[in-house]
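Secondary and tertiary structure notes
Single-letter residue listing:
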Amino acid sequence: MRFLIITLLCLSACTQFPELEGTISDAARDAPYPKLSQVPIAPPVSGIEQEILQDRIAALQSRAARIRQIDISALQ
C-alpha cells in the first residue's frame, strides 16, 4: 500500500502543467471587482423550534460526554 502511494506521488511529479499566462482575456482582467452584499440574517426561531433545538443540543452534549469517557487505549 505504501509503495502504491509513493509511486502515485512520483508519477504526479512528472506531469506537465499547462501555461496559465495569456488564458485570461483583457476584458476579464480589466473587469471591476464584484460588489459584496450582506448575508441575510436568519429569521428568529419560534418557541416550539427553540425547544426542539434545545433538546437536540442536550442530546448531542450528552453523547459527546459519553464519547469523552471512552478509553481509547482499550480499543487498540
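Definitions and cut-offs
- Residues numbered from 1 in each chain as written.
- Predicted model: local features only at pLDDT ≥ 70, side-chain atom pairs only at ≥ 80, totals over all residues.
- Heavy atoms only, no water.
- Helix = DSSP H or I, 4+ residues; strand = E, 2+ residues; numbered from the N terminus.
- Rg over C-alpha atoms; globule rule 2.2 N^0.38 Å.
- Buried < 20%, exposed > 50% of the residue type's maximum accessible area, 1.4 Å probe, protein only.
- Areas by Shrake-Rupley, 256 points an atom, 1.4 Å probe, with all protein chains shown as cover.
- Expected span 1.5 Å × (residues − 1).

Attention now goes to the overall build of the protein chain. Each helix and strand counted, the protein chain has 4 helices and 0 strands in total. Moving toward the C terminus, one meets the helices and strands of the protein chain in the order α-α-α-α. For the protein chain, the C-alpha radius of gyration of 27 Å lies well beyond 11 Å, the compact-globule estimate for 76 residues. Across the 76 residues that make up the protein chain, the buried fraction comes to 0%. When the accessible surface of the protein chain is summed, it comes to about 8200 Å², and 64% of that surface belongs to carbon and sulfur atoms.

All right, on to helix H1 (residues 2-13) then. The end-to-end C-alpha distance of H1, which contains 12 residues, comes to 17 Å, matching closely the 16 Å that a straight helix rising 1.5 Å per residue would cover. Counted residue by residue, H1 has 0 buried out of 12 residues, so it is predominantly exposed.

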